[in-house]
Amino acid sequence: MSNLLIDIDRLLRRIRALGEIGALEGGGVCRLALTDQDKAGRDRVVNWMRELGLGVTIDRIGNVIGLRPGREDGPPVMTGSHIDTVATGGLYDGNLGVLAGLEVVETLNDAGITTRHPIAVGFFTNEEGARFAPDMMGSGVHQGALSLEDCLATVGIDGATLGDDLARIGYAGETPVGGIRARAFFELHVEQGPVLEEAGVDIGAVTGVQGISWTQYTIAGTSNHAGTTPMRLRHDAGYVAAAIATEARHIARDMGGDQVATSGVIDLEPNLINVIARSAKVTVDLRNTDEYRLQEAERRMANHVASLAQNEGVEITAKTLARFAPVEFDDEMVTLVAATAETLGHSHRRMPSGAGHDAQMFAPNCPTGMIFVPSKDGISHNVREYTAPAEIHAGANVLLQVMLSVAES
Ligand code: GLV
Ligand code: MN
Ligand code: MN
């Protein structure tokens, strides 16, 4: 293994500079996909790519890939992640993976190294799915798991159409989607959970990503006076939304194990203290590492929703916003990440990912691995998200070495 090391100060400077765009009080960032803030963030990263000599391509779903030629032609060893964020995002989620990729490139540039195979750094459109569902959209289209046309036609939570906003911000590119295939894909990411910190471990060699099931329920009830309407005559959309959210928790509690369940959105109409809600929207996010268990959770929720509709006399429509089966990463790549951490003197453990990642879209099509670094207090999707410089340094050096290893093989 080479003794090259990344420059942590340079990487941190880029993380901070990108974090200035859409900065939030408390240290976080809001760059929802395809907003003006996302555009400004994209422009900044594209400038850095060009400064580093990368050949930049933008595809039709707005994925941006910077290519560094190798001694031989052929598919690149790719790394990357996303730079869109949730509305309450931290500085590291996604951004770390993209900027660490640029840092790998700059380290190789400084050392005058041309790898055998090309190297590429990408950022993929709308990983978060917070404005347009589903999540992992750009990488999903890139890897053929999602339809380009469906994604371009997606309407966001604010009524915008994805394809229109992509054109509006100047990122509806010409390159055919998936025009650049990957020889292998690696993603460095913050863990976004408590496992590494609690165990006092530096590096997670990610074994796979749990399955994700997102459903939005729309409930049509009857609005009426909160004081005069007898309980037996109510068709209360607000009650049903709350009951669905509660059932999500009950399912996770009863199933135990790896099952998690979240109800992150409840919207009521007209949302007034003394008016029975006429309509409601509620979202349910179910995740499990085991596909059969995830299906069991979905079944339980569907049954409960059907009986709520009947008992309360409301109409409930269910819309699947995202559905991804659990993914396992290539064991050789997982072992490479772990062995590289070991050689660099970092403690490590194999672990699954609780969050969705662009890497999971690559996994069925090329050898794929992920590197996790600890998240302070296990906090993410929150302005308080934090990973210490020494932890980032360790993770980025592992990324550099695994990329070098595959790019030379
Ligand atoms: C997306 O990144 C998610 O895990 O929700
Ligand atoms: Mn992320
Ligand atoms: Mn995220």
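Here the structure is a predicted model, which means the values were calculated and not measured. (Residues numbered from 1 in each chain as written. Chains lettered and ligands numbered in written order. Predicted model: local features only at pLDDT ≥ 70, side-chain atom pairs only at ≥ 80, totals over all residues. Heavy atoms only, no water.)

## Here we look at the overall build of the protein
Working step 1: Of regular secondary structure, the protein possesses 12 helices and 14 strands.
Working step 2: In terms of overall size, the protein behaves like a compact globule, its C-alpha atoms giving a radius of gyration of 22 Å where 409 residues would be expected to give roughly 22 Å.
Working step 3: With the principal axes as the frame, the protein shows a C-alpha extent of 80 × 45 × 40 Å.
Working step 4: Burial status across the protein gives 55% buried among its 409 residues.
Working step 5: A total of about 16,700 Å² of accessible surface is found on the protein, and carbon and sulfur atoms cover 49% of it.
Working step 6: Within the protein, the 53 negative side-chain charges are centred at a point lying 2 Å from the centre of the 33 positive side-chain charges. (Helix = DSSP H or I, 4+ residues; strand = E, 2+ residues; numbered from the N terminus. Rg over C-alpha atoms; globule rule 2.2 N^0.38 Å. Buried < 20%, exposed > 50% of the residue type's maximum accessible area, 1.4 Å probe, protein only. Areas by Shrake-Rupley, 256 points an atom, 1.4 Å probe, with all protein chains shown as cover. Lys, Arg positive; Asp, Glu negative; His and termini not counted. Charge placed at Lys NZ, Arg CZ, Asp CG, Glu CD.)

## What about the coordination of the manganese ion (ligand 2)?
Working step 1: Distances from the manganese ion (ligand 2) to its protein donors, H82 (NE2), D93 (OD) and H189 (NE2), fall within 2.0 to 2.3 Å.
Working step 2: The sequence pattern formed by the donor residues of the manganese ion (ligand 2) is H-x10-D-x95-H.
Working step 3: For the pair the manganese ion (ligand 2) and the manganese ion (ligand 3), the metal-to-metal distance amounts to 3.6 Å, and D93 bridges them. Residue H82 is located in the loop between β3 (77–81) and α3 (95–111), and its partner H189 is located in strand β5 (residues 184–190); the two are separated by 107 residues in the primary sequence.
Working step 4: Under the relative-accessibility criterion, H82 is labelled buried at 0%.
Working step 5: In this structure H189 comes out as buried when scored by relative accessible area, which is 1%. (Donors = N, O, S within 2.8 Å, 3.2 Å for Na, K, Ca; no water.)

## A short note on the packing of helix α1 (residues 8–19) against helix α2 (residues 36–51)
Working step 1: Direction vectors running N to C along α1 and α2 enclose 150°, while the axes themselves pass 10 Å from each other. Regarding the angle of α1 to α2, the classification is roughly antiparallel. Taking contact as the criterion, the partners of R14, A17 and L18 in α1 are, on α2, G41, R44, V45 and W48. (Axes fitted to C-alpha atoms, helices over the stretch in contact; angles between N-to-C directions. Parallel < 35°, antiparallel > 145°, perpendicular 65-115°, else oblique. Contact = heavy atoms within 4.5 Å.)

## Structural notes on the coordination of the manganese ion (ligand 3)
Working step 1: Distances from the manganese ion (ligand 3) to its protein donors, D93 (OD), E128 (OE), E128 (OE) and H381 (NE2), fall within 2.1 to 2.5 Å.
Working step 2: For the manganese ion (ligand 3), the single-chain donor residues occur in sequence as D-x34-E-x252-H.
Working step 3: Here E128 falls in the buried class, since its relative accessible area comes to 8%.
Working step 4: The class of H381 is partly exposed, set by a relative accessible area of 38%.

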